[in-house]
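Next come the chains, spelled out residue by residue.
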Amino acid sequence: MAKMKAFSFNAARGEIRVGRRVICLPARAPVRVTLGSGLIIGGFLGFLPILGFWMVPLGFLILSQDLPMVRRWRRSLVVKLERRKPARSKRRAPPKSTDDEM
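Small disclaimer: the values here were computed from a predicted structure and weren't measured.

Caption draft 1: Local environment of the environment of Gly 38. By secondary structure assignment, the location of Gly 38 is in helix 1 (residues 29–44). According to the relative accessible area criterion, Gly 38 is partly exposed, its value standing at 37%.

Caption draft 2: Inspection of the side chain of Ser 64 at higher detail. Tracing the backbone through its elements, the reader meets Ser 64 in the loop between helix 2 (55–63) and helix 3 (68–92). A distance of 2.6 Å separates the side chain of Ser 64 from the backbone oxygen of Leu 61, its partner in a polar contact. The residues contacting Ser 64, other than those within four sequence positions of it, are Phe 9, Val 70, Arg 71 and Arg 74.

Caption draft 3: Broad picture of the pairing of strand 1 (residues 7–10). Across four bridges, strand 1 lies against strand 2 (residues 15–18) in antiparallel orientation. The residue bridging Ser 8 from the neighbouring strand is Arg 17, located in strand 2. The antiparallel hairpin formed by strand 1 and strand 2 contains four residues in its connecting segment, where Gly 14 sits at a positive phi of about 70°.

Caption draft 4: Quick peek at the pattern of salt bridges. The full count for this structure, using the stated rule, is three salt bridges. Glu 15 serves as the salt-bridge partner of Arg 13, at 3.0 Å between the closest nitrogen and oxygen. Residue class for Arg 13 comes out exposed when judged on its relative accessible area of 57%. The class of Glu 15 is buried, set by a relative accessible area of 12%. A salt bridge links Glu 15 to Arg 17; the shortest N-O distance between them is 3.8 Å. Arg 17 gets classed as partly exposed once you look at its relative accessible area, which sits at 28%.

Caption draft 5: Structural context of the environment of Asn 10. Inspection of the secondary structure assignment puts Asn 10 in strand 1. Asn 10 sits in the partly exposed class, given a relative accessible area of 24%. Considered as a pair, Asn 10 and Gln 65 are 55 residues apart in the sequence and their alpha carbons are 9.4 Å apart. Among the polar contacts listed, one links the side chain of Asn 10 to the backbone nitrogen of Arg 13, at a separation of 3.3 Å.

Basis of the calculations
Residues numbered from 1 in each chain as written. Predicted model: local features only at pLDDT ≥ 70, side-chain atom pairs only at ≥ 80, totals over all residues. Heavy atoms only, no water. Helix = DSSP H or I, 4+ residues; strand = E, 2+ residues; numbered from the N terminus. Buried < 20%, exposed > 50% of the residue type's maximum accessible area, 1.4 Å probe, protein only. Polar contact = N/O pair within 3.5 Å; in protein donor to acceptor, adjacent residues only side chain to side chain. Contact = heavy atoms within 4.5 Å. Pairing = 2+ DSSP bridges. Salt bridge = Lys/Arg side-chain N within 4 Å of Asp/Glu carboxyl O.

Here you go:
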């Protein structure tokens, strides 16, 4: 069975996948910019009930589809995380056992 990613963002199709849920973004750019800005503003009010600080990164993710500056931030973050992935997997690898020791 293939391992499913917990999170993915596909700007070409305009969708965000979290677990098994797929959230389709609006097709029009002004609506996406308004939605992303609203999420960021609401995220700064995260101390209130219902609203949360989780809204800030989601807002930036939605804005990254339309604003080049935010898109560069997102891409540089993805590149940094992908570069760390091999180093993290090497650290977590179990020690190799050899049968020659017996």
